[in-house]
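Coordinates in review
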Amino acid sequence: MPTTTDTLPITSGDDVVRVRQKVRVRATEIGLSLVDQTKLITAASELARNTLDYGKGGHADIETVLGDRRGVRVIFRDRGPGIPDIPQALTDGFTSGNGLGHGLGGARRLVDDFDIQSIVGAGTTVTIARWKR
Amino acid sequence: MDSIPILKIGSALLVTIQVDMHDQLATRLQDDLTEKIVQHRARGVLIDISALEIVDSFIGRMLANIANVSRLLDADTVVVGMRPEVAITLVELGLGLPGVKTALNAERGLALIGGVSAAGEAADDADDD
Ligand SMILES: Nc1ncnc2c1ncn2[C@@H]1O[C@H](COP(=O)(O)OP(=O)(O)O)[C@@H](O)[C@H]1O
Ligand SMILES: [Mg+2]
């Protein structure tokens, strides 16, 4: 049962900071542990930066999930070039820019749920969630 | 544009990162530090990140870049005050921060930097521009 969703644009470095802050507020409200909060916010930061750097900007939907499982879900969407080879993009050390290549794979390790959908020429959607335990 | 103050302590430079770093600030810090290492013939750079709630690969890359440039200029880089939850997260992210030494606090960080004997000396603000 998702509650209200915050939709934030990601078109600048400052927007990446705002996404982190909003995710922190949600994670604190729902009572994620400090380590879990930190992991979720770090993953969100990596994905927001990818949306900006590679997806040519987009937005993040941030929602609190209540019910059997309580947690925070964040969906990153862009209408950028898409990812031709997702397993390669998830491999540590792979970057098509000048990054460290740990963002996507690292984000996957830092959350409980991770889903990536990408269509070349149409865009990329990455969904992450971290649940209260 | 704002910048991050760089303090001189003996033959080391101390930088305390207090804000949520954005891109220009990170670039500016790298440039300013490089300049000050040369200007003060600094042997070490201490970067206090105890105020940082997260370190992602953007910040990780900045720290690694600073360490690389410092090494070329014959200065050691020590990151001090990393929060435990940040350390746990960095490991899972797979960022070992190669070339970056770490210490629990600034005092221990200073001790790690070779040739720094003036740790007790009054810190004079080197960022007077
Ligand atoms: N939203 C996106 N749109 C297009 N390509 C992407 C997107 N996110 C990631 N990628 C691709 O996946 C690669 C790996 O991403 P990541 O692991 O975050 O490393 P880095 O950001 O350091 O390049 C990127 O270099 C890029 O080629
Ligand atoms: Mg990335």
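This section reports on the structure supplied with the text. (Residues numbered from 1 in each chain as written. Chains lettered and ligands numbered in written order. Predicted model: local features only at pLDDT ≥ 70, side-chain atom pairs only at ≥ 80, totals over all residues. Heavy atoms only, no water.)

Quick word on the packing of helix α1 (residues 23–40) of chain B against helix α2 (residues 57–72) of chain B
All names here are of chain B. Keep this limit in mind: Only C-alpha atoms enter the line fits that serve as axes; for helices the fit covers just the stretch in contact. Angles between N-to-C directions range over 0 to 180 degrees. Runs of E in the DSSP output that reach at least two residues are strands. Runs of H or I that reach at least four are helices, and both are numbered from the N terminus. Roughly parallel here means an angle under 35 degrees, roughly antiparallel means over 145, roughly perpendicular means 65 to 115, and every remaining angle is called oblique. Crossings are sorted by hand: turned counterclockwise from the far helix by less than a right angle, the near helix makes the crossing left-handed, and turned clockwise it makes it right-handed. Every residue pair with non-hydrogen atoms within 4.5 Å of one another is taken to be in contact. Three classes are used: nonpolar for Ala, Val, Leu, Ile, Met, Phe, Trp, Tyr, Cys and Pro, charged for Asp, Glu, Lys and Arg, and polar for all others, with Gly counted as polar.
Orientation of α1 relative to α2, taken along the N-to-C sense of each, is 15 degrees, at an axis distance of 10 Å. By the angle class used here, α1 and α2 are roughly parallel. Like other packed secondary-structure pairs, α1 and α2 cross with a definite hand, here right-handed. The segment α1 lies against α2, with D23, A26, L29, Q30, L33, T34 and I37 engaging F58, M62, N65, I66, V69 and S70. Of the residues belonging to the contact of α1 with α2, the class tally is eight nonpolar, four polar and one charged.

A closer look at unusual backbone geometry
Residues and elements named next belong to chain B. Backbone geometry at R41 places phi at a positive 45 degrees, although glycine is not the residue there. Secondary-structure assignment places R41 in the loop between α1 and β3 (44–48). A positive phi angle is found at D74, which is not glycine, with a value near 70 degrees. Along the chain, D74 falls in the loop between α2 and β4 (76–80).

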